[in-house]
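Analysis of the macromolecular model
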Amino acid sequence: MLLKIYPDKPNPKAIETVVECLKKGGLIIYPTDTVYGLGCDITNHKAIERVCQIRGIKPDKANLSFICYDLSHLSNYTKPIDTTIFRMLKQHLPGPFTFIFNASGLVPKLLNSKKKTVGIRVPDNEIAREIVNQLGNPIVSTSIHDDDEILEYSTDPELIHEKYQDLVDIVIDGGYGDNEPSTVVDCTTGEIEIIRQGKGLLEA
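Residues numbered from 1 in each chain as written. Predicted model: local features only at pLDDT ≥ 70, side-chain atom pairs only at ≥ 80, totals over all residues. Heavy atoms only, no water.

Brief notes about the packing of aromatic side chains
What the rule picks out here adds up to 2 aromatic pairs. Ring plane angle 80° and centroid distance 5.4 Å describe the contact between Phe 66 and Tyr 77, whose orientation is recorded as edge-to-face. Remark: Tyr 77 occurs in helix α3 (residues 74–77) and Phe 66 occurs in strand β4 (residues 65–67); sequence separation between them is 11 residues. Judged by relative accessible area, which is 6%, Tyr 77 ranks as buried. Residues Phe 97 and Phe 99 carry aromatic rings whose centres are separated by 5.6 Å and whose planes lie at 20° to one another, so their mutual orientation is stacked. (Phe/Tyr/Trp six-rings, centres within 6.5 Å; stacked < 30°, edge-to-face > 60°. Helix = DSSP H or I, 4+ residues; strand = E, 2+ residues; numbered from the N terminus. Buried < 20%, exposed > 50% of the residue type's maximum accessible area, 1.4 Å probe, protein only.)

The structure is reproduced here in structure tokens:
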């Protein structure tokens, strides 16, 4: 199903449709402030396995991010974070960043893997954040890649739908996506290290 949702004012009924789908173990492709993402409810093991299958990755090796509404439940998924880093998060989020942290004990149980780190995303996109807000917990996510090397990420939701309609339950058309990924920042050592420079610019 291709579902049109306008990013500046997401229709509550459409958001409800997406949330119901996620609660039933469905997979969605949705817009963020960078590239389109493929996601599911973090509490559903089968759905997470399906995400990994589509991307051709093993769950225990997958670099999956948690898409959060804000930072209020961060401590559920990460080990304690020092004040300087937390201040930096508040300064840059919502925004086009993935921050990598040491994972709490809950993460391996959710992902059914031995993962010791977790990527946290709070995208500056009302559709993604509203879905997570209504769902009541984060969604597990990975960005979708395009086969065409030149266009590293798919940006046109209609073309994404053509390609993935048999693999996922809903493709959200939130307008054209970006083809620049998020900036990945490693915070696992207490120091801040940029692993991949993407759309987000980290201010000192």
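Structure's up, so let's keep going.
Observations concerning the pattern of salt bridges
Two side chains of opposite charge can pair, provided their charged atoms sit close to one another. The tally for this structure, following the rule as stated, stands at 5 salt bridges. Residue Arg 50 pairs with Asp 169 through a salt bridge whose shortest N-O separation is 3.5 Å. Taken together, the residues Arg 50 in helix α2 (residues 45–55) and Asp 169 in the loop between α7 (157–164) and β8 (170–173) connect sequence positions 119 residues apart. Overall, Asp 169 belongs to the partly exposed group, its relative accessible area being 33%. Between Arg 129 and Glu 126 there is a salt bridge, with the nearest N and O atoms lying 3.5 Å from each other. With Arg 129 and Glu 126 both in helix α6 (residues 126–135) and 3 residues apart, the pair spans about one turn of that helix. Glu 126 gets classed as partly exposed once you look at its relative accessible area, which sits at 33%. (Salt bridge = Lys/Arg side-chain N within 4 Å of Asp/Glu carboxyl O.)

A look at helix α1 (residues 12–23)
Between its terminal C-alpha atoms α1 stretches 16 Å, which fits the 16 Å expected from 12 residues at 1.5 Å a residue. Inspection of α1 places Ala 14, Ile 15, Val 18, Val 19, Cys 21 and Leu 22 among the buried residues, and these make up the whole buried set. Considered in projection along α1, the buried side chains sweep an arc of 160° and stay on one side of the axis. Across α1 from its buried face, at more than 90 degrees, point the exposed residues Pro 12 and Lys 13. On its buried face, α1 is in contact with β1 (2–4), β2 (28–30), β3 (37–41), α6, β7 (139–143) and β8. (Expected span 1.5 Å × (residues − 1). Arc of directions from axis to C-beta. Contact = heavy atoms within 4.5 Å.)

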